[in-house]
Amino acid sequence: IVTVNSNKSEKEFTAIAKLDSQYSALINMDNTSDEYKTAADTFVSDADALISSSKSYPAIKAKYLKGLYSFDMKNYSDAASIFEEVSVSANNTYLGALALINGAASYENAGNQDEALELYNKVWDSYGKNAAESQKALFNVARIYEEKGDSELAKATYQQLVDEFGTTGEYGKLAASRIIVL
């Protein structure tokens, strides 16, 4: 049993490494070429095969890569849905927080600030200071409140970012400058 599980796991990790390489090659291609179309079809097919074969990390990462591909193709609604699914499957992991950030960015690109705001808030609510994306999430929450005309809530969120992380990082510096402006 151990040998069978080890072989399956090894095959899945080999498949995700290959898929990651395919995606890297894909983003460097001319997306109007016939070669791109063939490579994209192969990438999607291989991703779907890995996703359907397992619920392990390689399958979750394959779904994440498929979300990135959808985002690249400007299929923002599809990308957001995929990233939300990944965030649930990869809950309490780096990939989960990253999926939430990318899902929020997808919603923003689709013109849905309310859904984006929900996912940015979810990063902070779920991960607190433990995610590398937390500062970015708080900054984007404040930025969206500011865009919606809620200066007080924007200022409070910028202040929360400064209080939690200081002003040494990129987002802390930006937040401090926005507090002064508001």
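All of these numbers come straight from a predicted model, not from anything done at the bench. (Residues numbered from 1 in each chain as written. Predicted model: local features only at pLDDT ≥ 70, side-chain atom pairs only at ≥ 80, totals over all residues. Heavy atoms only, no water.)

Draft legend 1. The arrangement of the overall build of the protein chain in detail. The number of helices and strands found in the protein chain is nine helices and zero strands. The order of helices and strands in the protein chain, counted from the N terminus, is α-α-α-α-α-α-α-α-α. Considered along the principal axes of its C-alpha atoms, the protein chain spans approximately 55 × 45 × 25 Å. The 182 residues of the protein chain split such that 39% are buried. For the protein chain, the share of sequence-separated contacts (at least 6 apart) that also reach a separation of at least 24 residues comes to 51%. Carbon together with sulfur atoms contributes 50% to the accessible area of the protein chain, which is approximately 9,800 Å² in total. Side-chain charges in the protein chain split into 17 positive and 26 negative, and the spacing between the mean points of these groups amounts to 3 Å. (Helix = DSSP H or I, 4+ residues; strand = E, 2+ residues; numbered from the N terminus. Buried < 20%, exposed > 50% of the residue type's maximum accessible area, 1.4 Å probe, protein only. Contact = heavy atoms within 4.5 Å. Areas by Shrake-Rupley, 256 points an atom, 1.4 Å probe, with all protein chains shown as cover. Lys, Arg positive; Asp, Glu negative; His and termini not counted. Charge placed at Lys NZ, Arg CZ, Asp CG, Glu CD.)

Draft legend 2. Expanded view of the pattern of salt bridges. According to the stated counting rule, one finds nine salt bridges in the structure shown. As a salt-bridge pair, aspartate 41 and lysine 37 come within 3.2 Å of each other at their nearest N and O atoms. Of this pair, aspartate 41 and lysine 37 both sit in helix H2 (residues 34-53), four residues apart, which is roughly one turn of the helix. Residue classification places aspartate 41 among the partly exposed residues on the basis of a relative accessible area of 41%. (Salt bridge = Lys/Arg side-chain N within 4 Å of Asp/Glu carboxyl O.)

Draft legend 3. View of the packing of aromatic side chains. In the structure shown here, the tally under the stated rule is eight aromatic pairs. Between tyrosine 64 and phenylalanine 83, the aromatic rings sit 5.5 Å apart at their centres with planes inclined by 55°, giving tilted as the arrangement. Of the two residues, tyrosine 64 is situated in helix H3 (residues 57-72) and phenylalanine 83 in helix H4 (residues 76-89); the sequence distance between them amounts to 19 residues. Phenylalanine 83 shares its class with tyrosine 64; the two are buried. Ring centres of phenylalanine 139 and tyrosine 158 lie 5.6 Å apart, and the angle between their planes is 50°; this geometry places the pair in the tilted category. With phenylalanine 139 in helix H7 (residues 134-147) and tyrosine 158 in helix H8 (residues 151-165), the pair connects residues that are 19 residues apart, well separated along the chain. (Phe/Tyr/Trp six-rings, centres within 6.5 Å; stacked < 30°, edge-to-face > 60°.)

Draft legend 4. Geometry of H7. Between the first and last C-alpha of H7 there are 20 Å, a value that for 14 residues agrees with the 20 Å anticipated at 1.5 Å per step. For H7, the set of buried residues is Ser134, Ala137, Leu138, Phe139, Asn140, Val141, Ala142, Ile144 and Tyr145. Residues of H7 that are buried make contact with helix H5 (94-109), helix H6 (113-127), H8 and helix H9 (170-181). A positive backbone phi angle near 90° is found at glycine 149, which sits one or two residues after H7. (Expected span 1.5 Å × (residues − 1).)

Draft legend 5. Focus on the nonpolar core. Counting residues in each nonpolar core, the largest one holds 28 residues, and the members touching the most others are Ala116, Tyr120, Tyr158 and Leu161. For leucine 161, the contacting residues outside a window of four places in its chain are Gln135, Leu138, Phe139, Gly166, Tyr171, Gly172 and Ala175. (Core = buried A, V, L, I, M, F, W, Y, C linked by side-chain atoms within 4.5 Å.)

Draft legend 6. Focus on the packing of H8 against H9. The contact between H8 and H9 brings their axes to 9 Å, and the two run at 140°. One way to sum up the angle between H8 and H9 is to call them oblique. Note that H8 runs across H9; the crossing there is left-handed. Contact residues: Lys155, Tyr158, Gln159, Leu161 and Val162 in H8; Tyr171, Gly172, Ala175, Ala176, Arg178 and Ile179 in H9. Within the contact of H8 with H9, the residues separate by chemical class into seven nonpolar, two polar and two charged. (Axes fitted to C-alpha atoms, helices over the stretch in contact; angles between N-to-C directions. Parallel < 35°, antiparallel > 145°, perpendicular 65-115°, else oblique. Left-handed = near helix turned anticlockwise from the far one by under 90°. Nonpolar A, V, L, I, M, F, W, Y, C, P; charged D, E, K, R; others polar.)

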